[in-house]
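Topology and contacts: notes
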Amino acid sequence: MTAAAVVSRMLTSTLLTSTLLAGSLLGASLGLAPQSSAVGAAASPSPLPSLTVGSPVDPNEAVVLPVEDVVGRSEKLIFAEASVDGAVTDRGGREFTLASDVLFAFNKATLTSRARQEIARIARALKSSSDQDVDTAKVTRVMVTGYTDDVGGNSYNLALSTRRAGAVRAELVKALGSTVAVTAVGRGEADPVATNDTKRGRQANRRVEIRGR
């Protein structure tokens, strides 16, 4: 073999070695497994990197979480239901709002026949709520609160709302019996639920609220 041929073979071998070395370094920087150094050998696929979060989990074992962590505490959803004319709003069988324009005549505290019917229905609903809802204690106390709009003087409206709340209380006591304590209070024009600048707003503010506990 001539000297030139020997030099040529040495250069070729050096170039091949440098190429393989560069490839290995590049693969390492990319997180790839080193390839076979044999020329022409088929490269085996490199395994994907293992991503472990927390402790290792056996895929053959079921993961069981505590029930309270998954289910949590359930709460009843309550949607308000109003009568067709909006005179009575039922908020879940224990809270009710009655329009004073239906309960009483103008500036009066005497219950109308419609008011007596609605109060009797509310009393039945309070009893039914106590009997059917096993997750809630029975109703033992009822609060009746009367309200007015802002037309007229404060003292007059307070007295009117107090008399109206008392009239509703008296009717509830008859229907609920002595096992339920019913109290009444008048709030006058306090705590409006709507603006007093419009007729509709003033009508909404003239109301009696019943809450069972």
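Before going into details, it helps to say that this report is about the structure given with it. Residue indices begin from 1 for each chain and proceed along its sequence in written order. Reporting of local features is limited, given that this is a predicted model, to residues whose pLDDT is at least 70; pairs of side-chain atoms are given and counted only at 80 or more, and all residues count toward the totals for whole chains, interfaces and linings. By convention in this description, side-chain values take in all heavy atoms of the structure and omit both hydrogens and water.

To define a nonpolar core, start from buried Ala, Val, Leu, Ile, Met, Phe, Trp, Tyr and Cys residues and group those joined through side-chain atoms within 4.5 Å. Three labels apply to residues, based on accessible area from a 1.4 Å probe with only protein chains included: buried if under 20% of the type maximum, exposed if over 50%, partly exposed otherwise in between. In this structure, Leu98, Val142, Val144, Val168, Leu172, Leu176 and Ile210 are the most contacted members of the largest nonpolar core, which totals 25 residues. The way it works is that DSSP assigns letters per residue, a run of H or I at least four long becomes a helix, a run of E at least two long becomes a strand, and they are numbered from the N terminus. Every element with two or more residues in this core is listed here: β3 (95–99), α4 (113–132), β4 (141–147), α5 (154–176) and β6 (207–212). Contact partners of Leu98, with chain neighbours within four places excluded, come to Ala87, Val88, Leu103, Glu118, Ile119, Ile122, Arg206, Arg207, Val208 and Ile210. Any pair of residues with heavy atoms lying within 4.5 Å of one another is described as a contacting pair.

Side chains carrying opposite charge are able to pair once their charged atoms draw close together. For salt bridges, the criterion is a side-chain nitrogen of Lys or Arg within 4 Å of an Asp or Glu carboxyl oxygen. One pass over the full model with this rule turns up ten salt bridges. Here Glu171 and Lys174 are joined by a salt bridge, their closest N and O atoms 4.0 Å apart. On the criterion of helical spacing, the pair formed by Glu171 and Lys174 is a turn pair, its members being three residues apart in helix α5. In this structure Glu171 comes out as buried when scored by relative accessible area, which is 15%. Residue classification places Lys174 among the exposed positions, given a relative accessible area of 66%.

To continue, consider the packing of aromatic side chains. Centres within 6.5 Å are what make two rings of Phe, Tyr or Trp a pair, Trp counting through its six-membered ring; a difference in plane orientation under 30 degrees is then read as stacked, over 60 as edge-to-face, and the rest as tilted. The final tally for this structure, using the stated rule, is zero aromatic pairs. The rule is short: NZ of Lys or CZ of Arg within 6 Å of the ring centre and within 35 degrees of the ring normal puts a charge over the ring. Geometry around Tyr147 places Arg207 over its ring, the cationic atom sitting 3.8 Å from the centre.

We now examine unusual backbone geometry. A positive phi is found at Asn107, a non-glycine position, where the angle reads about 60°. In this structure, Asn107 sits in the loop between α3 (100–103) and α4. Classification of Asn107 by relative accessible area gives partly exposed; the value is 31%. One non-glycine residue, Asp191, lies in the positive phi region at around 55°. As for its position among the elements, Asp191 is in the loop between β5 (181–186) and α6 (199–205). Residue classification places Asp191 among the partly exposed residues on the basis of a relative accessible area of 40%.

Moving on to α5. It helps to recall that an α-helix has 3.6 residues per turn; residues three or four apart then point in one direction. Expected span of a helix, by definition, is 1.5 Å for each gap between consecutive residues, and there is one gap fewer than residues. For α5, with 23 residues, the first-to-last C-alpha span of 32 Å sits near the 33 Å given by 1.5 Å per residue. Buried residues of α5: Asn157, Leu160, Ser161, Arg164, Ala165, Ala167, Val168, Glu171, Leu172 and Leu176, and no others. Positive phi shows up at Gly177, right after α5, with a value of about 85°.

Along the chain, Thr148 falls in the loop between β4 and α5. Distance and chemistry together define a polar contact, namely a pair of N or O atoms within 3.5 Å, with one atom able to donate a hydrogen and the other to accept it when in protein, and with adjacent residues in sequence counting only for side-chain atoms on both sides. For Thr148, the side chain forms a polar contact with the main-chain nitrogen of Glu189, separated by 3.5 Å. Dropping the residues within four chain positions of it, Thr148 is found in contact with Asn157, Leu160, Ser161, Gly188, Glu189, Asn205 and Arg206.

For β4, the tally of buried residues reaches five of seven residues, placing the bulk of the element in the interior. Where the polypeptide runs from β4 across α5 and back to β5, its parallel neighbour, the crossover connection is right-handed. Strand direction decides the pairing type here: β4 and β6, joined by six bridges, are antiparallel. Bridge pairing links Tyr147 to Arg207 in β6. The handedness of a crossover follows from its direction of travel: if, with the strands pointing away from the viewer, the path from the first strand over the helix to the second runs clockwise, the crossover is right-handed. Criterion used throughout: strands pair if DSSP finds at least two bridges between them.

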